[in-house]
Amino acid sequence: MGTVTTIDGTDIYYKDWGPRDAQPIMFHHGWPLSGDDWDSQMLFFLAQGYRVIAHDRRGHGRSDQSSSGHDMDTYAADVSTVVEALDLREAVHIGHSTGGGEVARYVARSEPGRVAKAVLVSAVPPVMVKSASNPGGLPIEVFDGFRASLTANRAQFYREVPSGPFYGFNRPGAEVSQGLIDNWWRQGMRGAANAHYECIKAFSETDFTEDLTRIEVPVLVAHGTDDQIVPYEDSGPLSAGLLTNGRLKSYEGYPHGMLSTHPDVINPDLLAFVKE
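Remember, predicted model here, so these are calculated numbers, not experimental data.

A. How the structure looks around the side chain of K15. With respect to the element layout, K15 can be found in strand β2 (residues 11–17). Here the side chain of K15 touches D39 through a polar contact of 3.5 Å, side chain to side chain. Aside from chain neighbours lying at most four places away, what touches K15 is M1, G35, D36, D39, M42, V52, I53, A54 and R62.

B. Structural detail: unusual backbone geometry. In this structure, the amide linkage connecting W31 to the following residue, P32, adopts the cis form with an omega of -10°. The topology assignment puts P32 in the loop between β3 (24–28) and α1 (39–47). The omega angle of the peptide bond from P125 to P126 is 5°, so this bond is cis rather than trans. Take P126: it is sitting in the loop between β6 (115–121) and α4 (140–163). Notably, D87 is not glycine yet its phi reads approximately 50°, a positive angle. Following the sequence through the fold, D87 ends up in the loop between α2 (72–86) and β5 (91–96).

About the thresholds
- The numbers attached to residues start from 1 for each chain and follow its sequence in the written order.
- Owing to the predicted nature of the model, reporting of local features is limited to residues with pLDDT of at least 70; listing and counting of side-chain atom pairs is limited to 80 or more, with chain, interface and lining totals taken over all residues.
- Hydrogens are left out, water is left out, and the side-chain values use all remaining heavy atoms of the structure.
- Strands here are runs of E lasting at least two residues and helices are runs of H or I lasting at least four, both read from the DSSP assignment and numbered beginning at the N terminus.
- A 3.5 Å cut-off defines polar contacts: any pair of N or O atoms within that distance qualifies, except that in protein one atom must be a possible hydrogen donor and the other a possible acceptor, and neighbouring residues in sequence count only when both atoms are side-chain atoms.
- Whether two residues are in contact is decided by their heavy atoms, any of which lying within 4.5 Å being enough.

See below:
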């Protein structure tokens, strides 16, 4: 575990487990969480002999609470700083939700030889917000509501999201995990309110269409059909269609946080793709 310092002086925290000569897998977390959200996947791939890395996005988790740089271009540049510092080559980059957007932007701009494959899980690309060019997106009022709730009472908002739509715990018959809810809250509250506020714009309004069309490495797009945060129809299938070498894997009835609710299903599928 350690930190790397970006060009603007921001310290980015990361954890790096496993053999240094093994193929690296780098994990990119969702909003407003941290690298801790990948515990299940990191332990799983570590047991399979891989080198696993997860960083905390600037303003999230243990990274510096910077006053600027809360946009996808800077997020991708921060990833590049970590990758270069650790000299990761032929790495697999796996991103969840906002982290999927980060992966798309980084991979599209990465140096040759740095990236072998990528995975977008419940990810925000191509673009979330509704517009004339994206009529199936979510209205801007949805994201304005996020900002208002965060400003009014962030601690309460960070209880409501995981207790409801994030993990699908608001669905009839759902098996609720208080541990997941508490861990989501713990990660969120460790980050900076200003970073989380600005990140809402970054994940909802950034258009990743050009990034997706530029990516040439194999990409797995995994998405649950009951995703209440990043609706399936306006995300997974569209992203897969824009990729040169993309593949869509749909999970019937799975929620946005399916990596945590169904790791017994998702982890082996990720491994199969990595090993191909």
